[in-house]
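Overview (structure and organization)
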Amino acid sequence: MDNRSLVSIAGHSREKLLYLIDMAREFEAHPNRKILEGKIAATLFFEPSTRTRLSFETAANRLGAKVIGFADPKVTSGTKGEILKDTIMMVSNYADVIIMRHYLEGAAKYASEVTTVPIINAGDGANQHPSQTMLDLYTIYQSQGRLDDLNIYLVGDLKYGRTVHSMLTAMRHFNPTFHFIAPDELAMPEYYKQYCTEQGIRYYEHKDFTVDTIADADILYMTRVQKERFSDLMEYEKVKDAYLLKRDMLAKARPNMKILHPLPRVNEIEYSIDDTPHAYYFQQAKNGLYARQALICDALGISLEDVRNDKTIIP
Ligand code: CP
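Numbering of residues starts from 1 in each chain and follows the order in which that chain's sequence is written. Confidence filtering applies because this is a predicted model: local features only for residues at pLDDT of at least 70, side-chain atom pairs given and counted only at 80 or more, and all residues used for totals across whole chains, interfaces and linings. Each side-chain value is derived from all of the structure's non-hydrogen atoms; neither hydrogens nor water enter the calculation.

1. Re the sheet that holds strand E2 (residues 66-70)
Reading across the sheet, the four strands line up as E2-E1-E3-E4 and stay open at both edges, with parallel pairing between neighbours. Each having just a single partner strand, E2 and strand E4 (119-124) make up the two edges of the open sheet. The mean angle between the axes of side-by-side strands here comes to 15°, regardless of whether they run parallel or antiparallel. Pairing between strands is defined by DSSP: at least two bridges between them are needed. Runs of H or I in DSSP of at least four residues are treated as helices and runs of E of at least two as strands, each being numbered from the N terminus. Bridge analysis of strand E3 (residues 97-102) against E4 gives four bridges, and the strand direction is parallel. Bridge pairing in E4 links histidine 102 to aspartate 124. Residues count as neighbours in contact if any of their non-hydrogen atoms are within 4.5 Å of one another. Axis lines are fitted through C-alpha atoms, for helices just across the contact stretch, and the angle between N-to-C directions can take any value from 0 to 180 degrees. Running at roughly 175° to strand E1 (residues 40-45), helix H2 (residues 51-62) makes contact with E1, E2, E3 and E4 of the sheet.

Okay, structure coming up:
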């Protein structure tokens, strides 16, 4: 169905991404408004979440909308056998926008096809996490002053990591050089490497993860090895500690190199790194609020001009 859903970031142009960054910047300046008064946002989380759900809900609340939804599918009629289509049809009767995380790849696309209410994909299996990518782009822009011509190192679980898959597709507009660092078992899938080739995106693959490997990085994007995606826990045990970032590995890092991580982390970034100037992951998570305010407004047809002309700011 034709609506303003955000299923994947891949379809967004460079101009659209920069437009959303501009809108997020307006919200960073003034996050508290009533521009969404009278609207209802539904958050349907079929998979666990801390940041994505709470920042989407905070985003809606700070803009004056009301929020309904669930954080745990066990409390829904899905446990009685209700199918996703029926759940989406029901919630469409109640809400103006639906923010959904689901364990199945393609679930957000499917939901967007059975309703005219905009769906925002808050993560579908190992596929895409477009709102994370918006906050990642906002954070990269904020920390580097640009999105173009950056060396971006992606480390950890590149096979199941939906955040890195989304990032690749969005960064195609900005002439990045990617470096993929992952164990063989969690390497970037051929599909995405093929995508890079087709899009003219440079990429290099590394097995080493040392002070020298990362010396040229502008952005070091760490990811968690996702236990929940493994059917065989022995396989998880084999790779879970493959690439851990230690403080002494930052010795040759560029002065403005920033470490990002979608979070949650387990042990892949040593805690002693948190107080270095390279640690930027908590600011990144904070930026999720502003990026998601922009995405909710965009899904509801509120433009950057509307936001700039908004007179409902609460000081
Ligand atoms: N980054 C992210 O998606 O975090 P949550 O799983 O806590 O939402």
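Here the narrative resumes.
2. Things to note about helix H1 (residues 14-29)
Here a helix's expected span is defined as the number of its residues, less one, multiplied by 1.5 Å. Helix length check: H1, at 16 residues, gives a terminal C-alpha distance of 23 Å against a target of 22 Å (1.5 Å per residue), a fit within 8%. Looking at the buried residues of H1, the elements they touch are helix H5 (130-144), helix H6 (162-171), helix H9 (281-299) and helix H10 (304-308).

3. Describing the pattern of salt bridges
The term salt bridge refers to a side-chain nitrogen of Lys or Arg lying within 4 Å of a carboxyl oxygen of Asp or Glu. For the structure shown, the criterion picks out 22 salt bridges. A salt bridge links aspartate 218 to arginine 254; the shortest N-O distance between them is 2.9 Å. Here arginine 254 lies in the loop between helix H8 (233-239) and strand E9 (258-260) and aspartate 218 lies in the loop between strand E7 (202-206) and strand E8 (219-222), a separation of 36 residues in the sequence. A relative accessible area of 33% places arginine 254 in the partly exposed class. The buried label goes to any residue with under 20% of its type's maximum accessible area, the exposed label to any with over 50%, and the partly exposed label to all in between, with areas taken from a 1.4 Å probe on protein chains only.

4. Considering the packing of aromatic side chains
Centre distance within 6.5 Å is the pairing criterion for rings of Phe, Tyr and Trp, where only the six-membered ring of Trp is used; planes under 30 degrees apart are then read as stacked, over 60 as edge-to-face, and the remainder as tilted. Using the criterion set out here, one finds eight aromatic pairs in the structure. Relative to tyrosine 243, the ring of phenylalanine 209 lies with its centre 5.8 Å away and its plane at 85°, an arrangement referred to as edge-to-face. On the criterion of sequence distance, the pair formed by phenylalanine 209 in the loop between E7 and E8 and tyrosine 243 in the loop between H8 and E9 is long-range, its members being 34 residues apart. The same class applies to phenylalanine 209 and to tyrosine 243, which are both buried. An aromatic cluster of at least three residues, connected via ring pairs, comprises Tyr160, Phe230 and Tyr236.

5. Observations regarding the site of the ligand
Definition of nearness: a residue and a molecule or strand are near each other if at least one heavy atom of the residue lies within 4 Å of the molecule or strand. The ligand sits among Ser49, Thr50, Arg51, Thr52, Arg101, His129, Gln132, Pro262 and Leu263. The definition of a polar contact used here is a pair of N or O atoms within 3.5 Å, where within protein one atom must be able to donate a hydrogen and the other to accept one, and adjacent residues in sequence count solely through side-chain atom pairs. Between leucine 263 and the ligand, the recorded distance is 3.0 Å, taken from a backbone N or O atom to a nitrogen atom. Computed on the free molecule, the ligand has an accessible area of 250 Å², of which 91% lies beneath the protein chains in the complex. Residues are called lining when one of their atoms sits within 4 Å of a cavity or pocket point, these points coming from a 1 Å grid over the protein atoms alone, where a cavity is a set in which a 1.4 Å probe fits but cannot get out and a pocket is an open set with protein on both sides within 12 Å along at least five of seven lines. Think of it this way: if more than half of a molecule's atoms are within 2 Å of a pocket's grid points, that molecule is in the pocket or cavity. One can see that the ligand is located within the largest pocket. Here the shell around the ligand is built from residues that sort into two nonpolar, five polar and two charged. Shrake-Rupley sampling with a 1.4 Å probe provides the accessible areas, and residues are treated as covered by the protein chains on show and by no other component. In the scheme used here, Gly and all other residues not listed as nonpolar or charged are polar, with Ala, Val, Leu, Ile, Met, Phe, Trp, Tyr, Cys and Pro taken as nonpolar and Asp, Glu, Lys and Arg as charged.

6. Digging into the sheet that holds strand E5 (residues 151-155)
Spatial strand order, E7-E6-E5-E8-E9: five strands in an open sheet with parallel pairing. What marks the edges here is a single partner per strand, and that holds for E7 and E9. Here the average twist between neighbouring strands, direction ignored, is 20°. Relative to E7, strand E6 (residues 177-181) is paired through five bridges, and the arrangement is parallel. Counterpart to histidine 179 in the pairing with E7 is tyrosine 204.

7. Description of the layout of surface pockets
Grid points are joined across faces, edges and corners, and a volume is the space filled by probe spheres set on the points. Within this model, the largest pocket holds a volume of roughly 510 Å³. Along its surface, the largest pocket is lined by 28 residues, and Arg101, Arg162, Arg224, Leu263 and Pro264 are the ones closest to its centre. Those elements that place two or more of their residues in the lining of the largest pocket are H2, H5, H6 and H9. Residue classes in the lining of the largest pocket are distributed as seven nonpolar, twelve polar and nine charged.

8. With respect to the pairing of E2
Consecutive residues of a regular strand have side chains that alternate between opposite faces of the sheet. With five bridges connecting them, E1 and E2 associate as parallel partners. Across the sheet, alanine 41 pairs through a bridge with valine 67, a residue of E2. Regarding the hand of the β-α-β motif, the stretch spanning E1, H2 and E2 is right-handed. The path from the first strand over the helix to the second decides the hand: if it runs clockwise while the strands point away from the viewer, the crossover is right-handed.

9. Let's talk about empty space enclosed by the protein
To find leftover empty space, a probe the size of one water molecule is rolled over the atoms. As enumerated under the stated definition, the model contains one cavity of 30 Å³ or more in all. Taken as a whole, the largest cavity holds about 40 Å³ of empty space. Looking at the largest cavity, the residues that line it are Phe180, Ile181, Ala182, Ala187, Met188, Glu205, His206 and Lys207. The set of elements that each furnish at least two residues to the lining of the largest cavity consists of E6 and E7. Per-class residue counts for the lining of the largest cavity are five nonpolar, one polar and two charged.

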